[in-house]
Amino acid sequence: MHIINTHTIYSLRYRLFVFLLQRRREIENLCGSESPFAQSLIGKWNMADEYKDALLEKHKYHEGCPGCKVEQMKQLRRGYPYLELSFVWIIVLSTSLPISSLYPFLYYMIEDFGVAKTEKDIGFYAGFVGCSFMLGRALTSVFWGIVADRYGRKPIILLGTISIAIFNALFGLSVNFWMAIGTRFLLGSFNCLLGTMKAYASEIFRDEYQATAMSAVSTAWGIGLIIGPALGGFLAQPADKYPNVFSKDSIFGRFRYALPCFTISAFALLVTVLCCFIPETLHNHKLDSSSHDDSYEVLEAASGKSERNASQGSLLKNWPLMSSIIVYCVLCLHDTAYSEIFALWANSPRKYGGLSYSTNDVGTVLAISGFGLFSFQVFVYPFAEKLLGPVLVTRFAGALMIPIQMSYPFIANLSGLGQSLMLNCASILVNVLSVSAITGLLILQNKAVDQSQRGAANGIAMTAMSLFKTVGPAGAGILFSWSERRLNAAFLPGSHMVFFVLNVIVVVGVALTFKPFLTTARR
């Protein structure tokens, strides 16, 4: 205990010296550089420099190791990490944009392919196009996580952004049902960014900004899942909507859904260029656990040595990790099923309980929801997480989603301004609560493992989540088609059944956040 107190005293002294260093010129101008007070401070400034060097030396940074450079930067840097936050935000945004950008026009795309015999069958085929992306990602996520742990985060990030630019553009040029499935499958197979970025974000930020880091990942992810469909809604079928700009004979007249895909691909190319300047966070040497550092962090780590050694074993036996992944998967299943069902429900005719919305109408609703989500996650979520903790935030968010989703079938019975206001409010709240619930679980996952296993752990999370999300769109499409065939049922007719099933998934997810199922790692 004496060592911890000593380190704390030195740490406070060092921070005081840094404060004085920053105001050195002001003090010299005020007191004169030759005054006894200024001379005394000069001696303290020299002590601050010596202490800084000694502190950095204690951490045994390895020359030429990119991970050590990042650790050194984190040790010295003070202030809010705006630059790192911006990089994380735009990279995660680029990977989430193509995932759901097709939902507003998927209904019409399937109709153009001519594979559905009746209007009621469109949802069935739409589900398979939606789930092909997740199937591809489920098959490769662990592999990409292992590669990221071995060769670094940065190469995997660059590969992911380049693949988005290529395969998403090819999807926009699809001429039949099977080409659409194939390009979406390849897009998912090479879309290795989310798991890698979760690991990267937890490594590039100081401990006090970990909640902000995970909030940035989930916010950008959630914003992409909303802005993507908004782009799809506004930019699909441009020759029909904007004939003065796009002619029927142009490439966007012949390929009616290429413009939103090309726009997202162009953004991914820009992000690829920016990614060339981000630092690598993976250490290229074995982490030294025999350091004699007397810092609080090292002493705390030493006290939890047995727990850390246990986590170095099989990740599948790490129950804090696996339990948080399972709850995460259940809530992600709800998230992807909701995204597809909302678009199909809004596009479907009123006679089937839908809203008869155009792609533009759906895009407008989702754009408004995206703005609301961004505002909440940036200004409110970090404080909520600090006050309640990630587990309680997940529970409250899940519980509040249930009554809101129950209201959707009744919103369809409204009209005019009242319907628009209610729909936008409900959409904002569901998206805010869904992303907030998932963010808490991301924090728990990254706290459950050390850096050497973080890529693989996030790869496992991505694989499991992708399997659930593979079931989500296919199941949602089949469920939606079935609901349109039971409009006159006595129990939960039409869309009531669809939103009831979504609520059941949320209830299961919230129930799993309680002990003894969900446990948290002590780190």
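Keep in mind that this is a model prediction, so the values were computed, not measured.

## A short note on helix α14 (residues 258-275)
Next up, step 1: For α14, spanning 18 residues, the distance from its first C-alpha to its last is 25 Å, which sits close to the expected 26 Å at 1.5 Å a residue.
Next up, step 2: Within α14, the full set of buried residues consists of Ala258, Leu259, Pro260, Cys261, Ile264, Ser265, Ala268, Val271, Thr272 and Cys275.

## With respect to the packing of helix α17 (residues 319-347) against helix α24 (residues 495-511)
Next up, step 1: Between α17 and α24, whose axes approach to 8 Å, the crossing angle comes to 165°. Overall, the two elements α17 and α24 adopt an arrangement that is roughly antiparallel. For the crossing formed where α17 meets α24, the hand is left-handed. Taken together, the residues of α24 that come into contact with α17 (itself represented by Val327, Val330, Leu331, Leu333, His334, Ala337, Tyr338, Ile341 and Trp345) are Ser495, Val498, Phe499, Leu502, Ile505, Val506, Val508 and Gly509.
Next up, step 2: Looking at side-chain class alone, the contact of α17 with α24 contains 14 nonpolar, 3 polar and no charged residues.

## Quick notes on empty space enclosed by the protein
Next up, step 1: Enumeration over the complete set of coordinates arrives at 5 cavities of 30 Å³ or more.
Next up, step 2: Considered as a void within the structure, the largest cavity measures approximately 130 Å³ in volume.
Next up, step 3: Every residue lining the largest cavity is counted, 14 residues in all, and those nearest its centre are Leu225, Ile226, Ser339, Leu366 and Asn431.
Next up, step 4: Among the elements that make up the lining of the largest cavity, the one with the highest residue count is α17 (5 residues).

## Overview of helix α5 (residues 82-100)
Next up, step 1: Given a rise of 1.5 Å per residue, 19 residues ought to cover 27 Å, and the 28 Å separating the end C-alpha atoms of α5 matches this to within 8%.
Next up, step 2: Taking burial as the measure, the 19 residues of α5 include 15 buried ones, the bulk of the element.

## Re the side chain of Arg137
Next up, step 1: Tracing the backbone through its elements, the reader meets Arg137 in helix α7 (residues 122-151).
Next up, step 2: Although Arg137 lies buried, it forms no salt bridge, and the closest oppositely charged side chain, Asp335, sits 8.7 Å away as judged by the N-O distance.

## A closer look at the packing of aromatic side chains
Next up, step 1: Per the stated rule, a full pass over the model turns up 20 aromatic pairs.
Next up, step 2: Taken together, a centroid distance of 5.6 Å and an interplanar angle of 75° make the contact between Tyr107 and Tyr108 edge-to-face.
Next up, step 3: A relative accessible area of 7% means that Tyr107 is categorised as buried.
Next up, step 4: Judged by centre distance (5.3 Å) and plane angle (70°), the rings of Phe177 and Trp178 are edge-to-face.
Next up, step 5: Among the residues examined, Phe177 registers a relative accessible area of 8% and is labelled buried.
Next up, step 6: Owing to a relative accessible area of 63%, Trp178 belongs among the exposed residues under this scheme.
Next up, step 7: Among the aromatic residues, those joined into a ring-pair cluster are Phe124, Tyr125, Phe128, Phe177 and Trp178.

## Structural notes on the environment of Asn191
Next up, step 1: In this fold, Asn191 is placed in the loop between α9 (177-190) and α10 (193-204).
Next up, step 2: C-alpha of Asn191 to C-alpha of Ile156: the two residues are 35 residues apart in sequence and 9.4 Å apart in space.
Next up, step 3: Leave out the neighbours within four places in its chain, and Asn191 touches Thr95, Phe133, Arg137, Ser163 and Ile164.

## Concerning the confidence of the model for the protein
Next up, step 1: Across the protein, the average pLDDT comes to 79, with 82% of residues at or above 70.
Next up, step 2: With pLDDT under 50 throughout, residues 1-10 is counted as low confidence; its partners more than four residues away or in other chains account for 10 contacts.
Next up, step 3: Here residues 289-312 is modelled with pLDDT under 50, and outside its nearest four sequence neighbours on either side it reaches 27 contacts, counting other chains as well.

## Here we look at the layout of surface pockets
Next up, step 1: Counted as a void, the second largest pocket has a volume near 470 Å³.
Next up, step 2: Of all the secondary structure elements, the ones that give two or more residues to the lining of the second largest pocket are α5, α11 (210-235), α18 (359-379) and α19 (381-388).
Next up, step 3: Its residues placed into classes, the lining of the second largest pocket shows 12 nonpolar, 5 polar and 3 charged.
Next up, step 4: In terms of domain composition, the lining of the second largest pocket takes at least three residues from each of domain 1 (66-281) and domain 2 (317-522).

## Some details on the pattern of salt bridges
Opposite charge on two side chains allows them to pair when their charged atoms are near.
Next up, step 1: For the coordinates displayed, the defined rule picks out 5 salt bridges.
Next up, step 2: Of the charged contacts in the structure, one is a salt bridge between Lys248 and Asp240, with a shortest N-O distance of 2.4 Å.
Next up, step 3: Here Arg256 and Asp240 are joined by a salt bridge, their closest N and O atoms 2.6 Å apart. Here the residue Arg256 occupies a position in the loop between α13 (251-254) and α14, and Asp240 occupies one in helix α12 (residues 238-241), the gap between them amounting to 16 residues.
Next up, step 4: With a relative accessible area of 25%, Arg256 lands in the partly exposed category.
Next up, step 5: We classify Asp240 as partly exposed; its relative accessible area is 39%.

## Describing the nonpolar core
Next up, step 1: Core analysis: the biggest nonpolar cluster contains 126 residues, and Ile110, Val129, Trp345, Tyr408 and Leu423 have the highest contact counts within it.
Next up, step 2: With 16 residues, the single largest contributor to this core is α17.
Next up, step 3: A domain split of this core shows at least three residues from each of domain 1 (66-281) and domain 2 (317-522).
Next up, step 4: In this structure Val129 touches Leu102, Leu106, Ile110, Phe171, Phe177, Ala180, Ile181 and Arg184, once residues within four positions along its chain are discounted.

Rules and cut-offs
Residues numbered from 1 in each chain as written. Predicted model: local features only at pLDDT ≥ 70, side-chain atom pairs only at ≥ 80, totals over all residues. Heavy atoms only, no water. Helix = DSSP H or I, 4+ residues; strand = E, 2+ residues; numbered from the N terminus. Expected span 1.5 Å × (residues − 1). Buried < 20%, exposed > 50% of the residue type's maximum accessible area, 1.4 Å probe, protein only. Axes fitted to C-alpha atoms, helices over the stretch in contact; angles between N-to-C directions. Parallel < 35°, antiparallel > 145°, perpendicular 65-115°, else oblique. Left-handed = near helix turned anticlockwise from the far one by under 90°. Contact = heavy atoms within 4.5 Å. Nonpolar A, V, L, I, M, F, W, Y, C, P; charged D, E, K, R; others polar. 1 Å grid on protein atoms, 1.4 Å probe; cavity = no way out; pocket = protein on both sides within 12 Å on 5 of 7 lines; lining within 4 Å. Points joined across faces, edges and corners; volume = space filled by probe spheres on them. Lys, Arg positive; Asp, Glu negative; His and termini not counted. Salt bridge = Lys/Arg side-chain N within 4 Å of Asp/Glu carboxyl O. Phe/Tyr/Trp six-rings, centres within 6.5 Å; stacked < 30°, edge-to-face > 60°. pLDDT = per-residue confidence, 0-100. Domains from an automatic or database assignment. Core = buried A, V, L, I, M, F, W, Y, C linked by side-chain atoms within 4.5 Å.

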